[in-house]
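Listed here are the chains, written in short residue letters.
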Amino acid sequence: MATEVANAVSNGISSEVKSPVQSKYSKDKKVGEGTYAVVYLGNQISTKRKIAIKEIKTGLFKDGLDMSAIREVKYLQELKHPNVIELIDVFSTSNNLNLVLEFLPCDLEVLIKDTSIVFKSSDIKSWLLMTLRGVHHCHRNFILHRDLKPNNLLLAPDGQLKIADFGLARSLGNPNEELSSNVVTRWYRAPELLFGAKHYTVAVDIWSVGIIFAELMLRTPYLPGKDDIDQLDVTFRALGTPTDQIWPNVSNLPQYNALKIYPPPSRQELRNRFSAATDNALDLLILMTQMDPSRRCDSTQALLHEFFTEAPRATDPKDLPKKKEKKPVNEGNDNSNAKRRKV
Amino acid sequence: MVVQDNKSNSYASRRQSNIVDDFDDRSSDMCPICKTDKYLSPNMNFLINPECYHRICESCVDRIFSLGPAPCPYANCGKILRKNKFKQQIFDNLSIEREIDIRKKVGAIYNKTEEDFSDLKEYNKYLEIIEDIIFKLNNGIDRDQTEMELYTYEQEHKLEILEKNITESQKNADAQKYKEAMERLRQEKLRFEREHEIEDLEYQQKQQQELLDTLTNSNSTISAEEIIKQQQSNALKRASLRKKQLQQVNTQLEQKFNPVYQQKLLEQQLAISRMPFTPFQGDRDLNKLYKLLPIPNEIDKLMDIENHISDSYNDPYLNKLAKNKEYLGAGWRLTTVYERALDEAFIGLGCIIEQEKRQTTAV
């Protein structure tokens, strides 16, 4: 007990008594705060491994813990895969819940927005490949992620991409169970969700991956709708308005409306939009962004697609572009050089 | 034959006296079809067609041959000419122009190079054959027969010719690339050296200034000689450092621009690409322990199952869901439901935890 107290004091966080699990980790610095949680940077004391501690706020809601925290714990406990974020531990203090996650310093959105970084086609391939592997692992365990977007695809220092934020995830329930259609960040929302479908499938995640793939190529969001109605319009303008012919039974979905009929894009139009994409890349994109969820490919088909076997090969994760943090180091070198010259 | 007539004509006119030369020049600058004169319209151009080598001005070619092949407008010629074969005359002497054309044509078919032959004698023989053909074609000796021979040779060696063409063009491109890369390397090096020189000069001036300053301000404890000595040793140190730096930069540049280095890099990449690509990184369960029965997706086939005993699953509750159009529209499929049920039923079978534990502890 004495040592634990000493630990707590030396860490300088608080003098409250720590549980045995808690003392295995140090909380060093606050790095972010969301609606439900505060994120701290820390270390696993035994291994000196960098970790992130997500402290879930409680007391905000009358009915106990927030749903997303429970979901995150529930599904991350089950999933262990190189391309899914690792939940190292969970512990609770007197009034809140702490998730110990592996520390991932960067996400894909940051890279997409950084215009100074050039993406090679092999880089895009590598990211897509890792995303699909992670999604495949979720899906074969019958878990829907339901919030795939570049912001939730984190990047480890060794270049590995990891799917994170399982706050909206759920497992496929009973065959007749109703799922909420109000999931997935709007720009990455599949058309069946926009139509208010309640019995959707893993295909909603594949749609998101397809849109992320497009975003990686365009370096700008592919379908940026201003609101839910506009999202329908933007989606259909880009990919054509679905009708019962190309998507059987679509008109039976609760919120189906064909506001404006846009023709589906010709291959040439797509080719113009994605001018750098090869034919195989376009094929895969078209497969992943099929309007009809039953025609959309699944993660297995996507991974087996020729796009991944054609040249160039996917970049080795460790050679992928990274957030530029090396600059100050370089400047330091330059300075030392300059000093040496002056001597 | 006509060509030869034409040639002898021009020879004859050249042999005439200088007085006529003036007129001859004039006539050669006039299109015999439309009588447009170069003197009056300096922008006009003459074209020739390798079929008969008659000079026709550009506007006439446009006018006569735009609608398709037509006979040569020269009297007594009448050869059928095509517009796309017309070209600018390069050599003043038409016989040379013609020989070059023939040479090009034959060379495109007989396109072997010295390295294709085991010894020089055979290569020379090959060249001899080429020269023979060119001579015959040029002078109209057995023309039809030689042309036939040329044609049959081309047909027989079509693939060889094509291959040779490809390797040749590749070689040219490679050589070009190598030259460009080396040039870039040289320029980079030069640029760097120049920068260095300027820096050195500045440094020297500054040193001198400093020396003067210290000498004027120095107190008598340190002698002037010592100060100078110190300065010199400093300069020496710096020079050696600079040399090292220069070497480093040079090797860096070599790596960046020298194609030989880049070749090595390419080979490394090749070595990586020889590693097999595994889409699932080996993490894929291909041997399922069950076999899924065929499951119908259409509603009327579902009715079949309900009414007859068949080789499929029959769950009245699920069948009811499978007929719901809202479910179907959202991508819900009976197959996935059964697949999942069976997957979950079989998921732990065949995993022997004790064995896996032993393996991990052994590792």
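Small disclaimer: the values here were computed from a predicted structure and weren't measured.

(A) Up close: the overall build of chain B. Of the regular secondary structure elements, chain B holds 14 helices and five strands. Within chain B, the proportion of its 363 residues that are buried is 6%.

(B) Representation of the overall build of chain A in the model. Of regular secondary structure, chain A possesses 11 helices and 10 strands. Counting every position in chain A, which comprises 343 residues, the buried fraction comes to 38%. When contacts within chain A are restricted to residue pairs at least 6 apart in sequence, those whose partners lie at least 24 apart make up 63%.

(C) Representation of the interface of chain B and chain A. The partner chain A presents 24 residues to the 19 residues of chain B that form the contact. Elements with a contribution of two residues or more to the side of chain B that touches chain A: α11 (316-322), α12 (325-329) and α13 (334-346) of chain B. Ranked by the residues each element gives to the side of chain B that touches chain A, the list is headed by α12(B), at five residues. Taken together, the residues that form the side of chain B that touches chain A break down as 10 nonpolar, five polar and four charged.

(D) Inspection of the sheet that holds strand β9 (residues 161-163) of chain A at higher detail. All names here are of chain A. Taken in spatial order, the three strands make up an open sheet running β6-β8-β9, and their pairing is antiparallel. A strand with exactly one partner marks an edge of an open sheet, and here the two such strands are β6 (106-107) and β9. The sheet contact formed by β6 and strand β8 (residues 153-155) spans two bridges and is antiparallel. Residue pairing for β8: D107 is matched across the bridge by L154. Sheet strands touched by helix α4 (residues 121-140): β8 and β9. Its angle to β9, the strand with the most contacts, is close to 35°.

(E) View of unusual backbone geometry. Positive phi, close to 70°, is recorded for A:N249, a residue that is not glycine. With respect to the element layout, A:N249 can be found in the loop between α7 (228-239) and α8 (267-273).

(F) Geometry of the pairing of strand β1 (residues 25-33) of chain A. Residue and element names in this part refer to chain A. Where β1 and strand β2 (residues 37-44) come together, seven bridges link them in antiparallel fashion. Looking at the pairing, K30 lines up with Y40 of β2. The turn linking β1 back onto β2 is made up of three residues.

(G) Quick peek at the nonpolar core. One finds A:V204, A:I206, A:V209, A:F213 and A:M288 to be the most contacted residues of the largest nonpolar core, which totals 81 residues. Ranked by residues supplied to this core, first place goes to helix α6 (residues 203-218) of chain A with 11 residues. One finds B:C31, B:I56, B:C57 and B:F65 within the second-largest nonpolar core, a separate group that totals seven residues.

(H) Here's a closer look at α7(A). All names here are of chain A. The end-to-end C-alpha distance of α7 is 17 Å, a good match for the 16 Å that 12 residues give at a rise of 1.5 Å each. Residues of α7 that are buried include every one of Q231, L232, T235 and F236, and no others. Down the axis of α7, the buried side of the element spans an arc of 120°, and every buried residue falls inside it. Elements in contact with the buried residues of α7: α5 (191-194). One or two positions beyond α7, positive phi appears at G240, with a value near 90°.

(I) Region of interest: the sheet that holds strand β5 (residues 97-102) of chain A. Residues and elements named next belong to chain A. Spatially, the five strands line up as an open sheet ordered β1-β2-β3-β5-β4, and their pairing is antiparallel. One side of each edge strand has no neighbouring strand; the edge strands of this open sheet are β1 and β4 (87-92). Here the average twist between neighbouring strands, direction ignored, is 25°.

(J) Up close: the confidence of the model for chain A. When pLDDT is averaged across chain A, the result is 84; 87% of the residues are at 70 or more. In the model, residues 326-343 of chain A has pLDDT below 50 throughout and makes zero contacts with residues more than four positions away in sequence or in other chains.

(K) Broad picture of the environment of A:L154. Residues and elements named next belong to chain A. Looking at the element boundaries, L154 is found in strand β8. Under the C-beta neighbour-count criterion, L154 is labelled buried, with 23 such atoms within 10 Å. In sequence terms L154 and N83 are 71 residues apart; their C-alpha atoms lie 9.3 Å from each other. Among residues more than four places away in sequence, those in contact with L154 are I85, L104, C106, D107, K162 and A164.

(L) Geometry of the confidence of the model for chain B. All names here are of chain B. Of the residues in chain B, 85% have a pLDDT of 70 or more, and the chain-wide mean is 80. Taking the mean pLDDT of every element in chain B, the minimum, 44, falls on helix α1 (residues 2-15) and the maximum, 90, on helix α5 (residues 120-139). Under a pLDDT of 50 for its full length, residues 1-26 has, in the predicted model, 12 contacts with residues more than four places off or in other chains. For this predicted complex, the interface confidence reaches an ipTM of 0.80, while the overall pTM sits at 0.60.

(M) Structural detail: the environment of A:L132. All names here are of chain A. Mapping L132 onto the fold places it in helix α4. For the pair L132 and D298, spaced 166 residues apart in sequence, the C-alpha separation works out to 9.6 Å. Excluding its chain neighbours within four sequence positions, the residues that come into contact with L132 are V209, S299, A302 and L303.

(N) Highlighting the packing of α4(A) against α6(A). All names here are of chain A. Axis separation between α4 and α6 bottoms out at 10 Å; the angle between their running directions is 165°. By the criterion of interaxial angle, the relationship of α4 to α6 is roughly antiparallel. In this structure, α4 meets α6 at a crossing whose hand is right-handed. Two secondary-structure elements touch here, α4 through I124, W127, L128, T131, L132 and V135 and α6 through D205, V209, I212, F213, L216 and M217. When its residues are assigned to classes, the contact of α4 with α6 shows 10 nonpolar, one polar and one charged.

(O) Looking closely at the environment of A:L223. Residue and element names in this part refer to chain A. With respect to the helices, strands and loops of the structure, L223 is situated in the loop between α6 and α7. Taking the number of C-beta atoms within 10 Å as the measure of exposure, L223 has 21 and is therefore buried. Look past the residues within four positions of L223 in its chain and what remains in contact with it is W187, I211, V234, T235 and A238.

(P) View of the pairing of β5(A). Residues and elements named next belong to chain A. Of all six residues that make up β5, five are buried, and the element is covered over most of its length. Inspection of the sheet shows strand β3 (residues 49-56) paired to β5 by six bridges, in the antiparallel sense. The residue bridging K54 from the neighbouring strand is L99, located in β5. Examined bridge by bridge, β4 and β5 share five bridges and lie antiparallel to one another. The residue of β5 that forms the bridge with V90 is L99. Linking β4 to β5, which pair antiparallel, is a turn of four residues.

(Q) Inspection of the packing of helix α4 (residues 94-109) of chain B against α5(B) at higher detail. Residue and element names in this part refer to chain B. Where α4 meets α5, the axes come as close as 10 Å, and the angle between the chain directions of the two elements is 135°. As far as their axial angle goes, α5 and α4 are oblique. Considering only the axes of α4 and α5, their crossing is right-handed. Contacts from R98, E99, I102, R103 and V106 in α4 reach I130, I133, I134, L137 and N138 in α5. Among the residues making up the contact of α4 with α5, the classes are represented as six nonpolar, one polar and three charged.

(R) Here's a closer look at α13(B). Under the 1.5 Å per step criterion, the end-to-end length of α13(B) is 19 Å for 13 residues, consistent within 8% with the ideal 18 Å. Where α13(B) is buried, its residues touch α11 of chain B.

Calculation rules
Residues numbered from 1 in each chain as written. Chains lettered and ligands numbered in written order. Predicted model: local features only at pLDDT ≥ 70, side-chain atom pairs only at ≥ 80, totals over all residues. Helix = DSSP H or I, 4+ residues; strand = E, 2+ residues; numbered from the N terminus. Buried ≥ 20, exposed ≤ 12 C-beta atoms within 10 Å, placed from the backbone. Contact = placed C-beta atoms within 7 Å. Nonpolar A, V, L, I, M, F, W, Y, C, P; charged D, E, K, R; others polar. Pairing = 2+ DSSP bridges. Axes fitted to C-alpha atoms, helices over the stretch in contact; angles between N-to-C directions. Core = buried A, V, L, I, M, F, W, Y, C linked by C-beta atoms within 7 Å. Expected span 1.5 Å × (residues − 1). Arc of directions from axis to C-beta. pLDDT = per-residue confidence, 0-100. Parallel < 35°, antiparallel > 145°, perpendicular 65-115°, else oblique. Left-handed = near helix turned anticlockwise from the far one by under 90°.

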